[in-house]
Amino acid sequence: MPPAAPSASAEVEAPEPEASAPAGPGRWKRALLRLPGEVYVLTALAALTRFVSLGSPKAIVFDEVYFREYALRYQEGTYYFDLHPPLGKLILGAWAWISGTDASAAGDDPAVMLRVLPALAGTALILAFYCLIRQLCGSRKVATLGAGLLLLDGAILVESRLTTLDSMLLLLGVTGVTLALMARARRTPAPDDGGARAGGGRGAYWLLLAGSALSAGAAASIKLTGLAPLGLVGVIWLISVLEDSRDLPTIWRPTLGQAGLLVLLPVTVYVSSFAVHFALLPDSGPGDAFMSQEFQATLEGNPQYSPDVEMSFVAKFEDLNRAIHQYELALNDSTHPYQSSWTSWPISKRGVFTYVAPADDGKSSYIYMLGNPVVWWGTLLGAAVVVIGWSLRRELFRPWRWPLGLLAFAWAVDYLPFVLIERPMFLYHYFFALMFSLAFVVIGLGVLTGWVQPRTTSARAFSFGSRPSAIGYWSILGIALLAFLYFAPIYYGTPLTPEGLENRMWLSSWR
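Residues numbered from 1 in each chain as written. Predicted model: local features only at pLDDT ≥ 70, side-chain atom pairs only at ≥ 80, totals over all residues. Heavy atoms only, no water.

This paragraph deals with the overall build of the protein. From N to C terminus, the protein includes 19 helices and two strands. Looking at the 511 residues of the protein, the share that counts as buried comes to 52%. Pairs at least 24 residues apart make up 75% of the contacts formed inside the protein by residues separated by at least 6 positions. Just so you have it, the protein exposes about 22600 Å², and 64% of that area is on carbon and sulfur atoms. (Helix = DSSP H or I, 4+ residues; strand = E, 2+ residues; numbered from the N terminus. Buried < 20%, exposed > 50% of the residue type's maximum accessible area, 1.4 Å probe, protein only. Contact = heavy atoms within 4.5 Å. Areas by Shrake-Rupley, 256 points an atom, 1.4 Å probe, with all protein chains shown as cover.)

A cluster of nonpolar side chains, contributed by Ile-347, Trp-377, Leu-380, Tyr-486 and Trp-506, occupies part of the molecular surface with about 450 Å² of accessible area. Looking at the element boundaries, Trp-377 is found in helix H14 (residues 373-392). Judged by relative accessible area, Trp-377 falls into the partly exposed class, the value being 31%. (Patch = residues over 30% accessible without salt bridge, like charges linked within 9 Å, V, L, I, M, F, W, Y side chains within 5 Å. Salt bridge = Lys/Arg side-chain N within 4 Å of Asp/Glu carboxyl O.)

What follows is about the environment of Ser-99. Take Ser-99: it is sitting in the loop between helix H4 (87-98) and helix H5 (116-137). With a relative accessible area of 23%, Ser-99 lands in the partly exposed category. Taking the C-alpha atoms as reference points, Ser-99 and Leu-114, 15 residues apart in sequence, are found 8.3 Å from one another. Of note is the side chain of Ser-99, whose polar atom sits 2.7 Å from the backbone oxygen of Trp-95. Within the structure, the side chain of Ser-99 is placed 2.8 Å from the side chain of Thr-101, a separation counted as a polar contact. (Polar contact = N/O pair within 3.5 Å; in protein donor to acceptor, adjacent residues only side chain to side chain.)

Let us look at unusual backbone geometry. The omega torsion of the bond from Ser-56 to Pro-57 falls at 0 degrees, within 30 degrees of zero and hence cis. Take Pro-57: it is sitting in the loop between helix H2 (37-51) and helix H3 (64-76). Backbone geometry places Ala-111, a non-glycine residue, at a positive phi of 50 degrees. Note on placement: Ala-111 falls in the loop between H4 and H5.

Another point: the packing of helix H6 (residues 140-151) against helix H18 (residues 467-492). Between H6 and H18, the least distance of the axes is 10 Å, while the angle of their chain directions is 15 degrees. With respect to H18, the axis of H6 lies roughly parallel. As H6 runs across H18, the sense of the crossing is left-handed. Contact with H6, carried on its side by Lys-141, Thr-144, Leu-145, Gly-148 and Leu-149, involves Tyr-473, Ile-476, Leu-477 and Ala-480 of H18 and no other residues of that element. Counted by class, the contact of H6 with H18 contains six nonpolar, two polar and one charged residues. (Axes fitted to C-alpha atoms, helices over the stretch in contact; angles between N-to-C directions. Parallel < 35°, antiparallel > 145°, perpendicular 65-115°, else oblique. Left-handed = near helix turned anticlockwise from the far one by under 90°. Nonpolar A, V, L, I, M, F, W, Y, C, P; charged D, E, K, R; others polar.)

What follows covers the side chain of Thr-298. Assignment of secondary structure puts Thr-298 in the loop between helix H12 (293-296) and helix H13 (313-331). Residue classification places Thr-298 among the buried residues on the basis of a relative accessible area of 16%. From its side chain, Thr-298 meets the backbone oxygen of Phe-295 in a polar contact 2.5 Å long. In this structure Thr-298 touches Pro-282, Tyr-305, Val-309, Met-311 and Lys-316, once residues within four positions along its chain are discounted.

Any two aromatic rings considered together are summarised by their centre-to-centre distance and by the angle between their planes. Scanning the entire structure with this criterion turns up 40 aromatic pairs. Arranged with centres 4.9 Å apart and planes meeting at 85 degrees, the rings of Tyr-473 and Trp-474 form a pair that is edge-to-face. Among the aromatic residues, ring-to-ring pairing joins Tyr-79, Tyr-270, Phe-274, Phe-278, Phe-295, Phe-313 and Phe-317 into one connected group. Positioned over the ring face of Trp-402 is Arg-184, at 3.9 Å from the centre of the ring. The ring of Tyr-486 is capped by Arg-504, whose NZ or CZ atom sits 4.4 Å from the centre of that ring. (Phe/Tyr/Trp six-rings, centres within 6.5 Å; stacked < 30°, edge-to-face > 60°. Lys NZ or Arg CZ within 6 Å of the ring centre and 35° of its normal.)

What follows concerns the environment of Gly-88. Within the secondary structure, Gly-88 sits in helix H4. Put simply, Gly-88 and Ala-218 are 130 residues apart on the chain and 8.5 Å apart in space, counted from C-alpha to C-alpha. The residues contacting Gly-88, other than those within four sequence positions of it, are Leu-165, Met-168, Ser-221 and Ile-222.

This paragraph deals with the pattern of salt bridges. Scanning the model with the defined rule gives 10 salt bridges in all. The closest approach of N and O atoms between Glu-76 and Arg-73, which form a salt bridge, is 3.6 Å. Highlighted residues: Glu-76 and Arg-73, both in helix H3, separated by three residues, approximately one helical turn. Under the relative-accessibility criterion, Arg-73 is labelled buried at 8%. Residue Lys-223 pairs with Asp-166 through a salt bridge whose shortest N-O separation is 3.3 Å. One end of the pair, Lys-223, is in the loop between helix H9 (202-220) and helix H10 (227-243); the other, Asp-166, is in helix H8 (residues 166-185), with 57 residues separating them in the sequence. Judged on exposure class, the residue Lys-223 and its partner Asp-166 are both buried.

What follows deals with the pairing of strand E2 (residues 364-369). With six of six residues buried, E2 is to be regarded as a mostly interior element. Here E2 shows no split at all, with Ser-364, Tyr-366 and Tyr-368 on one side and Ser-365, Ile-367 and Met-369 on the other all buried. Pairing of strand E1 (residues 352-358) with E2 involves six bridges; the strand directions are antiparallel. Bridged to Val-356 within E2 is Tyr-366. The antiparallel pairing of E1 with E2 creates a hairpin that spans five residues between the two strands, and Asp-361 there sits at a positive phi of about 55 degrees. (Pairing = 2+ DSSP bridges.)

Before going further, it helps to examine H14. Helical geometry note: an α-helix holds 3.6 residues per turn, so side chains three or four residues apart project in the same direction. For H14, which comprises 20 residues, the first-to-last C-alpha distance of 28 Å matches the rise-based estimate of 28 Å (1.5 Å per residue) to within 8%. For H14, the complete set of buried residues consists of Pro-373, Val-375, Trp-376, Thr-379, Gly-382, Val-386 and Gly-389. Buried residues in H14 make contact with H6, helix H7 (154-160), helix H15 (394-397), helix H17 (431-449) and H18. Two or three places before Val-374, at the start of H14, stands the capping residue Asn-372, its side-chain oxygen 3.0 Å from that residue's backbone nitrogen. (Expected span 1.5 Å × (residues − 1).)

The topology assignment puts Leu-171 in helix H8. Counting along the chain gives 43 residues from Leu-171 to Ala-128, while the straight-line C-alpha distance between them is 6.9 Å. Apart from residues lying up to four places away in sequence, Leu-171 is in contact with Ala-121, Ala-124, Leu-125 and Ala-128.

This next bit is on the packing of H8 against H10. What describes two packed helices is the angle between their axes and the distance between those same axes. Between H8 and H10, the shortest axis-to-axis distance is 9 Å and the interhelical angle comes to 5 degrees. Classified by the interaxial angle, the pair formed by H8 and H10 is roughly parallel. Contact residues: Gly-173, Gly-176, Val-177, Ala-180, Leu-181 and Arg-184 in H8; Pro-229, Leu-232, Val-233, Ile-236, Ile-239, Ser-240 and Glu-243 in H10. Looking at the contact of H8 with H10 residue by residue, the class counts come to eight nonpolar, three polar and two charged.

In short, shape yes, function no, at least from these values alone.
Have a look at this one:
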């Protein structure tokens, strides 16, 4: 196997705290003070962009009509049907209970407090993406560039400000992959520590591996598109096992245990979410008609209800998944005005108007889930530059084959399966692939420009070898910021005249 590129731990920032130091508030305070400064900046900007005017509009917006309702039905106990696994709605339902959200599932109250949780997840996603890039290349400079560009994307921003599932899905998926990379960094073929590097600790390795399985398994339990990061977690672990192949006779037992962990934890999360789902929805509701007569007979208030009918969890699980499959097949013949082809996603050819309402003085408010063209088009152009540069300067890229190859594989695993799907699809189905390709581009550009310098000290983390190099770096972020500010009115629903909206419709397909 090719040698791994330097990890984030290779960058010297400050001395590690003593291993014997007692845990407590003081230690946590020191840990927070040791965080790189850009982490605080990214957190503040991510929170600002996600939370500003979060209560506007005071209306149920696009897919909020579904996910808001589903979350609130857990409080009422009335059965609903959705084609996605239930974990995401359960999390929203738990947040509704914790936050004291008092709204009717069938009412017209937008229950804007529910938007807080996706906004929190959208904020954390930026930091998770920063950590992902740090694990792959170690460079603070490159990780900040990638996280900054993701922060300035409009499509993911819009989805993070509504009561939808995508920001939670993305956060859990990226976190799972990042933890898997951290676990790999602590693995070693040495037979005397059970397959975990002495510096990381045997317990830390297993904890990171379990965390990656739980996070990625939770992503797959929110939407099945989360299967891509879950599969990537498995691939990262398998590669680490193959790197230890010479010592398999001595590490086969922990290897089998790790494989079991990576299978059992996601399956447990997935199946358990259905068990909780059924337990919280004992009464008849709008989802009854999708289920079999036997299932309906278990729902109190349904015309078919009978207290003598008992249905096992396995039977209910099979019934619901069969109904989901039938519903998905029925969608193959449907259409949607904002659907888009998988071939068009990399250029953000077709977005989704999620909200349109008249305002004052001939203006209207629009919320348009549309990618920042500098980020999306720039990622596509940057990928071409990196691929060409790699082919011409192979020796330069040799130490970085592992992270770049992994990201290219991750993009393909997430993106290409959509070729086989016939039902209407939308721009948000490309989000995982966008992030993997963006990470590929910023690391590749970092290799070409010398921005990838994982062994620099903290004081030199943002130094540049030349003035043109610094100008190029900050220009990328600056141009993306200008585009973000220009398109911000259609991300936040700021009233625009018809001319103002038309000026932002750069492609005819955006209308």
